[in-house]
Amino acid sequence: MANITLGGTPTHTNGDLPNIGSEASNFALSAVDLSTKTLSDYSGKSIVLNIFPSVDTGVCATSIRTFNKTAADLNNTVVLCISRDLPFAQSRFCGAEGIENVEMLSDFKTGQFGKDYGLEIMDGAFEGLHSRCIVVIDPSGKVTYTEQVPEIGQEPNYDAALASL
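Being a predicted model, the structure only gives us computed values, none of them experimental.

A. Representation of the sheet that holds strand β3 (residues 28-31) within the structure. Within the open sheet, the seven strands sit side by side as β4-β3-β7-β6-β5-β8-β9. Their pairing is mixed. Pairing within the sheet leaves two strands with one partner each, and these edge strands are β4 (36-38) and β9 (143-148). Averaged over all adjacent pairs, the angle separating strand axes in this sheet is 30 degrees, with direction ignored. Bridge count between strand β5 (residues 46-51) and strand β8 (residues 133-137): five bridges; the pairing is antiparallel. The residue bridging I51 from the neighbouring strand is C133, located in β8. Where helix α2 (residues 87-97) meets the sheet, it contacts β3, β6 (77-83) and β7 (103-106), and its direction lies at approximately 160 degrees from that of β7.

Below is the structure:
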């Protein structure tokens, strides 16, 4: 269980992020076209999982914009932006913001991704949403970097995540 804060108020996740060197857990997430995407859909590529509570918050939107700018220059790498927002809201956000270099995925159906990756918020105002974190997976499916942002209102360390690729 991670101890994090939301506006300085303590809150907790259901577990811990995957261990560095561990095999990444499979997932089934909804794309903006409502198709299902799994980890195997990205086999052979480096994967940056940019995970956050909602596209409708300022810091979450900033993380998507920041990764969108850098993703175009990444070789054999995909950036997946994951929240529990409905795919329609994710699509609307990307259209309005001109987001084209990252892929939006939603855990709205079951929340299982958040549970499996240990990042579901268990209490407080954001209970049931995902905490803000980064997980990087190498082309063989091994976790190479994780960051659980300690305060939900803070941005992740983009440079450290990208340096792990």
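Here the narrative resumes, following the displayed structure.
B. Representation of the pattern of salt bridges. A full pass over the atoms with the stated rule returns two salt bridges. A salt bridge links E23 to K142; the nearest nitrogen and oxygen atoms lie 3.1 Å apart. Here E23, found in the loop between β2 (9-12) and β3, pairs with K142, found in the loop between β8 and β9; they are 119 residues apart in sequence, far enough to count as distant. A salt bridge links K115 to E120; the nearest nitrogen and oxygen atoms lie 3.7 Å apart. Assessed through its relative accessible area of 12%, E120 is described here as buried.

What counts and what doesn't
Throughout this document, residue positions are counted from 1 along each chain, in the order its sequence is written. Only residues with pLDDT of at least 70 are given local features in this predicted model, and only at 80 or more are side-chain atom pairs given and counted; all residues enter the totals for whole chains, interfaces and linings. With hydrogens and water set aside, each side-chain value is computed from the structure's full complement of heavy atoms. For two strands to be treated as a pair, DSSP must find at least two bridges joining them. For helices the rule is a DSSP run of H or I covering at least 4 residues; for strands it is a run of E covering at least 2, with both sets numbered from the N terminus onward. Between N-to-C directions, angles span 0 to 180 degrees; the directions come from axes that are lines fitted to C-alpha atoms, helices contributing only their stretch in contact. The contact rule is simple, with two residues in contact once any of their heavy atoms fall within 4.5 Å. When a carboxyl oxygen of Asp or Glu lies within 4 Å of a side-chain nitrogen of Lys or Arg, that pair is called a salt bridge. Only protein chains enter the accessibility calculation, which uses a 1.4 Å probe; a residue is then buried when its area is under 20% of its type maximum, exposed when over 50%, and partly exposed in between.

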